[in-house]
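Remarks on the overall topology
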Amino acid sequence: MNIMEMNRRSVLRVGASGVGLLALGAAGCRPTGQMQVAEARSAMGTVIVDDVIDHVLTTDSWPGAFGFVTFRTHDALHNGNPVRYIRTDTSDSGFAEREGLVHVPLLNSARGRGINNDFFVFDNGSPSVIRYAPGSERFTPLFEIKRISGQAAFDSADAIDRARDNGQIEVEDTGILVNYPLVQWPGGALTVDAAKEDYLGGGQLIEDINTNRDRVALKLHEAFPGSYYILTDASLAGPAGNMNVPVSPSTWQLNDYRATDRIWVFANGIEGSGAMGFQPGIFGNQAGHPAWSPFWDHYTLEWRDESEARLLTSAEEARELRDADVLREYNGVPPTHPQGFVVNCPVPVIGENMTSA
């Protein structure tokens, strides 16, 4: 299916009772309780990343309870081999405004900590170069932009290092950090979910990355408050494998410098479009808030008495019920507790939540 030709109907399936089914009916999974979805008038949201070409928040073109977002892709080199990436966030307000990215002030606290990747750009228009790619223990999609002037052109970070050490070039450390998730790299790529039934399924791509060489279409997931996100990598190998995304070990250290925001997903309770098949997750803050980050410190909540489950829509509710011991909290997910992990989930679209009580 070519996304650009796909039927973009965003109307929601409604049963005889009038309760929306979040497009789960076709998958044989219906929400419990009183959860329903908003009217289709809110189905588009507001794009906050300029590289977004197309999107819908929900669709009946597949059974899964997610929409899609199509990004423009960009090319770079790693050790002479091509990589492709998308652009979502930056630590610098001026760069965010110029490039149409989400400004994330929290990322500034990670600068100079030795945990970011390097992204070399050339004033002469030569292809950019990245230092680490998936498969390296140092890989992270959080890059610092480094600028090289003159007519030099290189295809690897090692070659740049040698030229700099020999006095052939000067490398400017701009101090600008960017979240540039990779979608294709030497020996790998994000994978396509052919069935499009589940949040994870066979991967996070809607169609093969080479269908249109300058763009990529990913699943678009809902979270509270008012945020629609993509899933691109995770710091811990086990969860990353389950998610069909690359491992980005260095992102775990972002917790040490408070460059993450918290996310809660639900292990039981109200069924819906969330990661584990229950209600959508909850961010500590809405995307674009100064305290928000696309790098989630991932937690899971479980209702101790599932008969008390109801739809929660804010961090305040989650914390209150956790502190009252109504909800059990796991660092990461139950199998990894107490070991947590960080997931990179940029938000390209904000808007009214489709799921409501």
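Everything that follows concerns the structure shown earlier in this document.
This section reports on the structure supplied with the text. Being a predicted model, the structure only gives us computed values, none of them experimental.

1. Description of the overall build of the protein chain
- In terms of regular secondary structure, the protein chain is built from four helices and 24 strands.
- Here the protein chain holds 357 residues, and the buried ones make up 57% of them.
- Put simply, of all contacts in the protein chain between residues at least 6 apart along the chain, 69% involve residues at least 24 apart.
- Only carbon and sulfur atoms are counted for the fraction: they give 44% of the accessible area of the protein chain, which is about 14200 Å².

2. Quick word on the sheet that holds strand 8 (residues 102-103)
- Pairing is mixed across the open sheet formed by 10 strands, whose spatial order is 8-7-12-11-9-10-5-6-13-14. Each of the sheet's edge strands pairs with one partner strand only, and the pair in question is strand 8 and strand 14 (188-189).
- Strand direction decides the pairing type here: strand 7 (residues 89-90) and strand 8, joined by two bridges, are parallel. Its bridge partner lying in strand 8, Thr-90 is registered against His-103.

3. Side note on the pattern of salt bridges
- Across all of its chains, the model carries 20 salt bridges by this definition.
- For the salt bridge of Lys-146 with Asp-173, the shortest nitrogen-to-oxygen distance reads 3.6 Å. Note that Lys-146 is positioned in strand 11 (residues 142-148) and Asp-173 in strand 12 (residues 171-179), a separation of 27 residues in sequence.
- Note that Asp-161 and Arg-164 form a salt bridge whose closest N and O atoms lie 3.3 Å from each other. Highlighted residues: Asp-161 and Arg-164, both in helix 2 (residues 157-165), separated by three residues, approximately one helical turn.
- Bridged by salt links that share partners, the residues Asp-118, Arg-131, Lys-146, Asp-161, Arg-164, Asp-165 and Asp-173 form one connected network.

What counts and how
Residues numbered from 1 in each chain as written. Predicted model: local features only at pLDDT ≥ 70, side-chain atom pairs only at ≥ 80, totals over all residues. Heavy atoms only, no water. Helix = DSSP H or I, 4+ residues; strand = E, 2+ residues; numbered from the N terminus. Buried < 20%, exposed > 50% of the residue type's maximum accessible area, 1.4 Å probe, protein only. Contact = heavy atoms within 4.5 Å. Areas by Shrake-Rupley, 256 points an atom, 1.4 Å probe, with all protein chains shown as cover. Pairing = 2+ DSSP bridges. Salt bridge = Lys/Arg side-chain N within 4 Å of Asp/Glu carboxyl O.

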